[in-house]
Amino acid sequence: MENYHSAFLPGEYARLQSRALLEQLQQKYTGDPSQLGLHTVVPPNMAEFADQRVRITGRSYYHFGWVLYELEGLPDFWPEAALVDQQLFKSDDPDNQPANLTYIGVKSDDGQFVDICTRDGVRYCSFRRHDVEASVEDVNRVAKLRTRSSFSSRYEFDGVEYDDNPKLET
């Protein structure tokens, strides 16, 4: 499960999406109840919980890497698309804007790392993954769900530009 990648970690708080978005998700996941599928594990009444602030108590992965969350006090498992950063759009503060407006995940020049860069190419984070292509997609998916500040915390670069040739102070 090395490359399974979640936007949120257990212990974090998030917000459930709007009623309209949760209803769209519910329609997307509706399926034949006799067949195994994502619809068999998500709540049948997701929209009733719209816009609630929730605490993530657990996370697991369904077939093909779907990220599912357990939420404190709520039934069943919740797909990642049902959650969004609780601070997103809360103010005009640039740190509360979606991270994907600033950051983008890209494959490193040698193809062995995932680099998180600003859209103008400044690298802030670099990490090795077995499947770099899939990991780049994962990072970009996470950037749509997280604010700039929580995205940088998620990847532990906290606004400090990455330098792979640091100069030692003497």
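**Q** Could you give an account of the overall build of the protein chain, naming the residues involved and the relevant values?
**A** Each helix and strand counted, the protein chain has three helices and eight strands in total. Ordering the α and β elements of the protein chain from the N terminus gives β-α-β-β-β-β-β-β-β-α-α. The proportion of buried residues among the 170 residues of the protein chain is 42%. When the accessible area of the protein chain is evaluated, it comes to approximately 9900 Å², of which 47% is carbon and sulfur surface.

**Q** Break down the sheet that holds strand E6 (residues 103-107) for me, with residues and values.
**A** Across a sheet, strands are paired by hydrogen bonds formed along the backbone, either parallel or antiparallel in direction. The antiparallel open sheet is built from three strands, whose spatial order is E6-E7-E8. The outermost strands of the open sheet, each flanked by one partner alone, are E6 and strand E8 (123-128). Along the sheet, successive strands turn relative to each other by an average axial angle of 20°, direction set aside. Relative to strand E7 (residues 113-118), E6 runs antiparallel, the two being bridged by five bridges. Along E7, the bridge assignment pairs Val106 with Asp115. The strands that helix H2 (residues 132-145) touches are E6, E7 and E8; relative to E6, the one it contacts most, it runs at about 175°.

**Q** Help me get a handle on the confidence of the model for the protein chain, residues and values and all.
**A** The pLDDT averaged across the protein chain works out to 84; a share of 82% of its residues lies at or above 70. Per-element confidence in the protein chain is highest for E6, whose mean pLDDT is 96, and lowest for helix H1 (residues 19-29), whose mean pLDDT is 87.

**Q** Before we move on, can you summarise the packing of aromatic side chains with the specific residues and values?
**A** Under the counting rule described, the total for this entry stands at nine aromatic pairs. The interplanar angle of 85° and the centroid separation of 5.7 Å between the aromatic rings of Phe49 and Trp78 together place this pair among those described as edge-to-face. Taken together, the residues span a long stretch of sequence, with Phe49 in the loop between H1 and strand E2 (53-61) and Trp78 in strand E4 (residues 78-79) at a distance of 29 residues. Aromatic pair Tyr103 and Phe157: ring centres 5.2 Å apart, planes at 75°, arrangement edge-to-face. Placement of Tyr103 in strand E6 and of Phe157 in the segment after helix H3 (148-154) is noted, with a sequence separation of 54 residues between them. Phe157 shares its class with Tyr103; the two are buried. Among the aromatic residues, ring-to-ring pairing joins Tyr103, Tyr124, Phe127, Phe151, Tyr155 and Phe157 into one connected group. If you follow Arg53 out to its NZ or CZ, it ends over the ring of Tyr13, 3.9 Å from the centre. The cationic tip of Arg154 hangs over the ring face of Tyr155; the distance from NZ or CZ to the ring centre is 5.3 Å.

Basis of the calculations
Residues numbered from 1 in each chain as written. Predicted model: local features only at pLDDT ≥ 70, side-chain atom pairs only at ≥ 80, totals over all residues. Heavy atoms only, no water. Helix = DSSP H or I, 4+ residues; strand = E, 2+ residues; numbered from the N terminus. Buried < 20%, exposed > 50% of the residue type's maximum accessible area, 1.4 Å probe, protein only. Areas by Shrake-Rupley, 256 points an atom, 1.4 Å probe, with all protein chains shown as cover. Pairing = 2+ DSSP bridges. Axes fitted to C-alpha atoms, helices over the stretch in contact; angles between N-to-C directions. Contact = heavy atoms within 4.5 Å. pLDDT = per-residue confidence, 0-100. Phe/Tyr/Trp six-rings, centres within 6.5 Å; stacked < 30°, edge-to-face > 60°. Lys NZ or Arg CZ within 6 Å of the ring centre and 35° of its normal.

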